[in-house]
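Results of the structural survey
Residue-level listing of the chains:
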Amino acid sequence: MGNKQVKQHFETAKKTGVLKISLLRLDEFPSALKTFPNVLKTLDISENRFTALPEDIAKFTLLKHLNASGNKIAMVPECIGVLVKLETLNMINNLLTSVPRSLASCTHLKQVILSNNQIQAFPVVFCELKQLDLLDLSRNKITEVPPEVKSLQVTELNLNQNQITIVAEEIADCPKLKTLRLEENCLQISGIHSRILTDSKVCNLCVDGNLFNSKQFTDLQGYDTYMERYTAVRKKIL
């Protein structure tokens, strides 16, 4: 990958506010990033070989969209909390084990996609973000969904392909949650609390691939109530 091509990307970004340096096999951030003006609204560094996000990212306070998927990033720096205008964060296919507490300051976040990482504990920091609509934590190593999840504002929560054995009944109190994906986890039928079926707004509950069969699921108390919500939504779509 030649310096000339990288330079061209930076020159274009000065005019557009969009810097796309994906698929370039980069393992070090270009030095031009240190002196680049604060004009970026979109930064795409996906499909490279980065092992960390640089501290320099903190100066791009106008950034709305950050795509760092397909790298080898193991940690997000605390300084990411300075990016208060951030709306989308995509870090699929990295090596993250946790996320920083400072993300609570990114109050405009609407979509966070952290699929296929190494996260072990449910990041409760996302429960503080009032505008968050989609949270994708699929293909991680999460074992438990804690009671704090009741404050989550998302309409869709994707927890497919984790190692979840416990889902706190408080998830039924999520004010906007409609799609809850729990496929291919380690849930017993007792792990599906009846309140999710009777008291929540969830109308699309995906639980295939757990430690119970479909009959056990349909026999749960409240299943008919859940199906009424599911059917009502399907009718609107059709």
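Refer to the structure above for everything that follows.
The shown structure was predicted, so the numbers you read here are calculated from the model rather than taken from an experiment.

Each value, and the rule that gives it
- Residues numbered from 1 in each chain as written.
- Predicted model: local features only at pLDDT ≥ 70, side-chain atom pairs only at ≥ 80, totals over all residues.
- Heavy atoms only, no water.
- Helix = DSSP H or I, 4+ residues; strand = E, 2+ residues; numbered from the N terminus.
- Contact = heavy atoms within 4.5 Å.
- Lys, Arg positive; Asp, Glu negative; His and termini not counted.
- Charge placed at Lys NZ, Arg CZ, Asp CG, Glu CD.
- Expected span 1.5 Å × (residues − 1).
- Buried < 20%, exposed > 50% of the residue type's maximum accessible area, 1.4 Å probe, protein only.
- Arc of directions from axis to C-beta.
- Core = buried A, V, L, I, M, F, W, Y, C linked by side-chain atoms within 4.5 Å.
- Patch = residues over 30% accessible without salt bridge, like charges linked within 9 Å, V, L, I, M, F, W, Y side chains within 5 Å.
- Areas by Shrake-Rupley, 256 points an atom, 1.4 Å probe, with all protein chains shown as cover.
- Salt bridge = Lys/Arg side-chain N within 4 Å of Asp/Glu carboxyl O.
- Pairing = 2+ DSSP bridges.
- Axes fitted to C-alpha atoms, helices over the stretch in contact; angles between N-to-C directions.
- Phe/Tyr/Trp six-rings, centres within 6.5 Å; stacked < 30°, edge-to-face > 60°.

A closer look at the overall build of the chain
- For the chain, the count of helices and strands is 5 helices and 11 strands.
- Here the contacts in the chain between residues at least 6 apart in sequence split such that 33% fall between residues at least 24 apart.
- Of the side chains in the chain, 29 bear a positive and 25 a negative charge, and the two mean positions are spaced by 9 Å.

A short note on helix α5 (residues 223–237)
- Over its 15 residues, α5 extends 21 Å from the first C-alpha to the last, a length consistent with the 21 Å expected when each residue adds 1.5 Å.
- Of the residues making up α5, those classed as buried are Tyr223, Tyr226 and Arg229. Taken end-on, α5 shows its buried residues confined to a sector of 125°, consistent with a single buried face. Residues of α5 that are exposed and angled more than 90 degrees away from the buried face: Asp224, Glu228 and Lys235.
- The inward-facing, buried residues of α5 abut α3 (194–198), β11 (204–206) and α4 (214–218).

A short note on the nonpolar core
- Core analysis: the largest hydrophobic core is formed by 71 residues, its most contacted members being Phe122, Phe126, Leu135, Leu152, Leu157, Ile171 and Leu205.
- Contributing elements (two or more residues each) for this core: α1 (3–16), α3 and α5.
- Per-element tally for this core: the top contributor is α1, with 3 residues.
- Leave out the neighbours within four places in its chain, and Leu152 touches Phe122, Phe126, Cys127, Leu135, Leu157, Cys174 and Pro175.

Quick look at a positive patch on the surface
- Where like charges cluster on the molecular surface, the positive patch consists of Lys41, Lys64, Lys85 and Lys110.
- In this structure Lys64 comes out as partly exposed when scored by relative accessible area, which is 31%.

Some words on the sheet that holds strand β2 (residues 42–44)
- Taken together, 9 strands build an open sheet; the order of strands is β1-β2-β3-β4-β5-β6-β8-β10-β11 and the sheet is parallel. Unpaired on one side and paired on the other, β1 (18–20) and β11 mark the two borders of the sheet. Averaged over neighbouring strand pairs, the angle between their axes works out to 5° when direction is ignored.
- Relative to β2, β1 runs parallel, the two sharing 3 bridges. Looking at β2, one finds that Leu19 is bridged to Leu43.

So, the packing of aromatic side chains
- The final tally for this structure, using the stated rule, is 8 aromatic pairs.
- What links up through ring pairs into an aromatic cluster is the set Phe212, Phe217, Tyr223, Tyr226 and Tyr230.

Quick look at the environment of Arg49
- Position of Arg49 among the secondary structure elements: in the loop between β2 and β3 (65–67).
- For the pair Arg49 and Lys72, spaced 23 residues apart in sequence, the C-alpha to C-alpha distance is 6.0 Å.
- Beyond its immediate sequence surroundings of up to four residues, Arg49 is in contact with Arg25, Leu26, Asp27 and Asn71.

So yeah, pure geometry; function would need other evidence.
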